[in-house]
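Residue-level structure breakdown
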Amino acid sequence: MPHFCTLIPGDGIGPEVAHAAVKAVNATGVDISWKLAELNETIILESGKTLPPHVLYSLNETRVGLKGPVTTPVAGGFQSVNVALRKALDLFANVRPVRTLPGIKTRFEDVRIDMVIFRENTEDLYSGLEHEVVQDVVTSLKVITRAASERIANYAFGYARKNHRKKVVAIHKANIMKLADGLFLRCCREVAERFKDIEYKELIVDNASMQLVMRPETFDILLLPNLYGDIVSDLAAGLVGGLGIVPGANMGATHAVFEAVHGSAPDIAGKGKANPTALMLSAVMMLTHLGEAAAASKLQNAVESVYAEGKNVTSDVGGSASTDEFTEAVVKAIKGQPS
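The rules we used
Residues numbered from 1 in each chain as written. Predicted model: local features only at pLDDT ≥ 70, side-chain atom pairs only at ≥ 80, totals over all residues. Heavy atoms only, no water. Helix = DSSP H or I, 4+ residues; strand = E, 2+ residues; numbered from the N terminus. Buried < 20%, exposed > 50% of the residue type's maximum accessible area, 1.4 Å probe, protein only. Contact = heavy atoms within 4.5 Å. Lys, Arg positive; Asp, Glu negative; His and termini not counted. Charge placed at Lys NZ, Arg CZ, Asp CG, Glu CD. Phe/Tyr/Trp six-rings, centres within 6.5 Å; stacked < 30°, edge-to-face > 60°. Pairing = 2+ DSSP bridges. Axes fitted to C-alpha atoms, helices over the stretch in contact; angles between N-to-C directions. Salt bridge = Lys/Arg side-chain N within 4 Å of Asp/Glu carboxyl O. Parallel < 35°, antiparallel > 145°, perpendicular 65-115°, else oblique. Left-handed = near helix turned anticlockwise from the far one by under 90°. Nonpolar A, V, L, I, M, F, W, Y, C, P; charged D, E, K, R; others polar. Polar contact = N/O pair within 3.5 Å; in protein donor to acceptor, adjacent residues only side chain to side chain.

A few points about the overall build of the chain
Across its full length, the chain holds eleven helices and twelve strands. Taken over the C-alpha atoms alone, the chain extends approximately 55 × 50 × 40 Å along its principal axes. When the 339 residues of the chain are sorted by exposure, 53% land in the buried category. Within the chain, counting contacts between residues at least 6 apart in sequence, those at least 24 apart form 74% of the total. The average position of the 35 basic charges and that of the 38 acidic charges among the side chains of the chain differ by 5 Å.

Spelled out as structure tokens, the structure:
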């Protein structure tokens, strides 16, 4: 039986990187039936819905999605599609592996970075509970619950044990937000007591940010509330070459959506300059989730081999290859591996 997966190309460079990722996945030989669900800024504005019914219908059928970037207006306009998806499907865990890729020049060429960031995805300041008390005075509510905090902590520690990771660090600001971040921290500590085989530490978020810049190779699993997780995960991506090469997943109890974490980059859309690495590596995570470990390994190894060779990488990482040239190189590398 094939796997059924919803494909949301998005807008801007989204359709280009989505096409590239699908081509690479198909080259592995895995049997996937792709269900196209178009979602872009035009569709949202015309329908008046951030998540039109056809998108949710498809995701509720397949339970698995691969998503390109969708433009989100700044300081106005419609809600973020990512936030809406996480709420609608209860995708409580944002998972972002951050790894050094061969051949990419960074400020940390002498160390290997290999960390996974677990961000609680459903509450905190992203609950969107804002209110203008009087003119020019706005309050935003930071919501932290035991249920959500325990759930993300269990997910992070469970992942660590399953994948033979050795250390989890919870990141917080409980020295200032003693009730909200204090509750998150207590939940992390309680969960850590059930995973004695995994080292547990805590860092205040500002100190953690400094340590990430100074000693990124010392981090393994990072566990954070929503807002800090959003910021720190982008910081971490910058350590290995940027958002264009870092994958992401939004995981729930029943649904999973895998996505590139970069923006839609409308300025280079249609020019053949987009780097599809992030969505390809997100597809690696998707294949692993589907139980297709061999296909996931083929795609991961192919991407890394293209970077190691360095002849067919895109301009954002110092090369001159087009999106199609990079994709063809990855497909060739996949087909060159033993079955």
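Read on, since the account is not over.
What to know about the environment of Phe-92
Tracing the backbone through its elements, the reader meets Phe-92 in the loop between α4 (81-89) and β4 (93-99). Since its relative accessible area comes to 7%, Phe-92 is described here as buried. Along the backbone, Phe-92 and Leu-51 are 41 residues apart, and their C-alpha atoms lie at a distance of 18 Å. Those residues in contact with Phe-92, other than ones at most four positions away along the chain, are Arg-119, Glu-120, Asn-121, Thr-122, Arg-151, Ile-152, Tyr-155, Met-251, Gly-252 and Ala-253.

Quick word on the packing of aromatic side chains
Tallied over the entire structure, the rule returns six aromatic pairs. Ring plane angle 65 degrees and centroid distance 5.7 Å describe the contact between Tyr-307 and Phe-326, whose orientation is recorded as edge-to-face. With Tyr-307 in helix α10 (residues 293-309) and Phe-326 in helix α11 (residues 323-335), this pair connects stretches of sequence that are 19 residues apart. A relative accessible area of 3% places Tyr-307 in the buried class. Three or more aromatic residues joined by ring pairs make a cluster, and in this case those are Phe-92, Phe-118, Tyr-155 and Tyr-159.

Quick word on the sheet that holds strand β5 (residues 114-120)
Spatial strand order, β2-β1-β3-β12-β11-β4-β5-β10-β8-β9: ten strands in an open sheet with mixed pairing. Looking at the sheet topology across the chains shown, the edges are occupied by β2 (32-36) and β9 (199-204). Averaged over all pairs of adjacent strands, the angle between strand axes in this sheet comes to 25 degrees, irrespective of strand direction. Two elements, β4 and strand β11 (residues 247-251), share three bridges in a ladder whose sense is antiparallel. When the sheet's bridge partners are listed, Asn-94 is paired in β11 with Asn-250. Each of β8 (167-172), β9 and β10 (221-224) is contacted by helix α6 (residues 180-192), which is oriented at about 170 degrees to β9, the strand it contacts most.

What about the environment of Val-169?
Note on placement: Val-169 falls in strand β8. Note on Val-169: relative accessible area 6%, which makes it buried. With 45 residues separating them in the primary sequence, Val-169 and Asp-124 have C-alpha atoms 19 Å apart. Discounting residues that sit within four places of it in the chain, Val-169 has contacts with Lys-201, Glu-202, Leu-203, Phe-219, Ile-221, Leu-222 and Leu-223.

With respect to the pattern of salt bridges
A full pass over the atoms with the stated rule returns 18 salt bridges. Taking the shortest distance from any N to any O, the salt bridge between Asp-114 and Arg-165 comes out at 3.0 Å. Here Asp-114 is found in strand β5, whereas its partner Arg-165 is found in the loop between α5 (146-162) and β8, with 51 residues between them in sequence. Accessibility expressed as a relative area gives 28% for Asp-114, which makes it partly exposed. Between Lys-201 and Glu-199 there is a salt bridge, with the nearest N and O atoms lying 3.4 Å from each other. Taking the relative accessible area as the measure of exposure, Lys-201 reaches 43% and is therefore partly exposed. Given the relative accessible area of 38%, Glu-199 is considered partly exposed.

Quick notes on the packing of helix α3 (residues 53-62) against α4
In contact at an axis separation of 12 Å, α3 and α4 are set at 50 degrees when each is read in the N-to-C sense. Viewed along their axes, α3 and α4 adopt a mutual orientation that is oblique. Along this stretch, α3 crosses α4, giving a crossing that reads as right-handed. For the pair formed by α3 and α4, the contact residues are Leu-56, Leu-59 and Asn-60 on the first element and Leu-85, Ala-88 and Leu-89 on the second. Classifying every residue of the contact of α3 with α4 by side-chain character gives five nonpolar, one polar and no charged.

Regarding the side chain of Thr-314
Counting through the fold element by element, Thr-314 comes out in the loop between α10 and α11. On the accessibility criterion, Thr-314 (0% relative accessible area) is buried. A distance of 3.3 Å separates a polar atom in the side chain of Thr-314 from a polar atom in the side chain of Asn-275. Looking at Thr-314, its side chain comes within polar contact range of the side chain of Asp-316, at 2.5 Å. In contact with Thr-314, not counting residues within four places along its chain, are Lys-273, Ala-274, Asn-275, Gly-319, Ser-320, Ala-321, Ser-322 and Phe-326.

Details of unusual backbone geometry
In this structure, Asp-90 is a non-glycine residue whose phi angle is positive, near 55 degrees. Within the secondary structure layout, Asp-90 lies in the loop between α4 and β4. The partly exposed category is assigned to Asp-90, whose relative accessible area is 34%. If you check the backbone angles, Asp-124 has positive phi at about 65 degrees while not being a glycine. Tracing the chain through its elements places Asp-124 in the loop between β5 and β6 (130-134).

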